[in-house]
Amino acid sequence: TVNPDDEKEPFYDNLRMGNHLFLVPKMVVNLKKSAKSSDTPMGAFEFYIEGTNQDVLIESKDREVELRDLMYRTIEDFTFEQADSPEGKELMTEKLRKEVNMVLTQGKIRKVWLKTAIVKP
């Protein structure tokens, strides 16, 4: 029996559940120029991808080249100001999660974390 007043334990953020993380190595990407940037703004990014299960990480590793290309194309749509702002970085990680989830077959990406972000105006 379960008492609804008892303290609940989160399902996905449970310490007993293993984290299914995959590090996407550094990518150097051209960004769209904007009012505050030069003619060739660039960014260097590293991401952690958290999957819902181990199978999605295996698929991500097997299809790493394809996923990195998809991530390059997605990041290229961001301007320098977006890539430099906290709100833009949050939008970037959410868009990356949605784009990668559209091509995966063995599970879903739960979260994309930004490990490193260096932008050059």
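Refer to the structure presented above.
Reading the values: rules and limits
- Residues numbered from 1 in each chain as written.
- Predicted model: local features only at pLDDT ≥ 70, side-chain atom pairs only at ≥ 80, totals over all residues.
- Heavy atoms only, no water.
- Salt bridge = Lys/Arg side-chain N within 4 Å of Asp/Glu carboxyl O.
- Buried < 20%, exposed > 50% of the residue type's maximum accessible area, 1.4 Å probe, protein only.
- Helix = DSSP H or I, 4+ residues; strand = E, 2+ residues; numbered from the N terminus.
- Polar contact = N/O pair within 3.5 Å; in protein donor to acceptor, adjacent residues only side chain to side chain.
- Contact = heavy atoms within 4.5 Å.
- Pairing = 2+ DSSP bridges.
- Axes fitted to C-alpha atoms, helices over the stretch in contact; angles between N-to-C directions.
- Core = buried A, V, L, I, M, F, W, Y, C linked by side-chain atoms within 4.5 Å.

Describing the pattern of salt bridges
What the rule picks out here adds up to 9 salt bridges. Note that Lys 33 is salt-bridged to Asp 39, the shortest N-O span being 3.7 Å. Side by side, Lys 33 and Asp 39 carry an identical accessibility label, which is exposed. Put simply, Lys 115 and Glu 46 hold a salt bridge, and the shortest N to O gap is 4.0 Å. Within this pair, whereas Lys 115 is found in strand 3 (residues 109-120), its partner Glu 46 is found in strand 2 (residues 42-51), the two being separated by 69 residues in sequence. Residue Glu 46 is classed as buried on the basis of its relative accessible area, which comes to 17%.

Re the side chain of Glu 64
Considering the arrangement of structural elements, one finds Glu 64 in helix 2 (residues 64-75). For Glu 64, a relative accessible area of 16% gives the class buried. Only 3.0 Å separates the side chain of Glu 64 from the side chain of Lys 61, close enough to count as a polar contact. Setting aside its immediate chain neighbours within four residues, Glu 64 contacts Phe 22 and Pro 25.

Considering the sheet that holds strand 1 (residues 21-30)
As summarised here, the arrangement of the 3 strands in space is 1-2-3, forming an open sheet in which the pairing is antiparallel. Each edge of the open sheet is held by one strand with a lone partner, namely strand 1 and strand 3. Taking the axes of each pair of neighbouring strands and ignoring which way they run, one obtains an average angle of 20° across the sheet. Sheet topology note: the strand 1/strand 2 ladder contains 8 bridges and is antiparallel. When the bridges of strand 2 are listed, Val 28 appears paired with Ala 44. The strands touched by helix 1 (residues 54-62) are strand 1, strand 2 and strand 3; relative to strand 1, the strand with the most contacts, the crossing angle is about 35°. Strands strand 1 and strand 2 of the sheet are contacted by helix 2, whose axis makes an angle of about 45° with strand 1.

Section: the environment of Gln 106
Residue placement: Gln 106 occurs in the loop between helix 4 (86-103) and strand 3. With 50 residues separating them in the primary sequence, Gln 106 and Val 56 have C-alpha atoms 5.2 Å apart. When residues no more than four places from it in sequence are discounted, the contact partners of Gln 106 are Asn 53, Asp 55, Val 56 and Glu 59.

Things to note about the nonpolar core
Within the largest apolar cluster, 22 residues are counted, with the highest numbers of intra-cluster contacts made by Phe 47, Ile 75 and Met 92. Going through the elements one at a time, strand 1, strand 2, helix 1, helix 2, helix 4 and strand 3 are the ones with two or more residues in this core. Once residues lying within four places of it in the same chain are set aside, the contact partners of Ile 75 are Met 27, Val 29, Leu 31, Phe 45, Phe 47, Met 92 and Leu 96.

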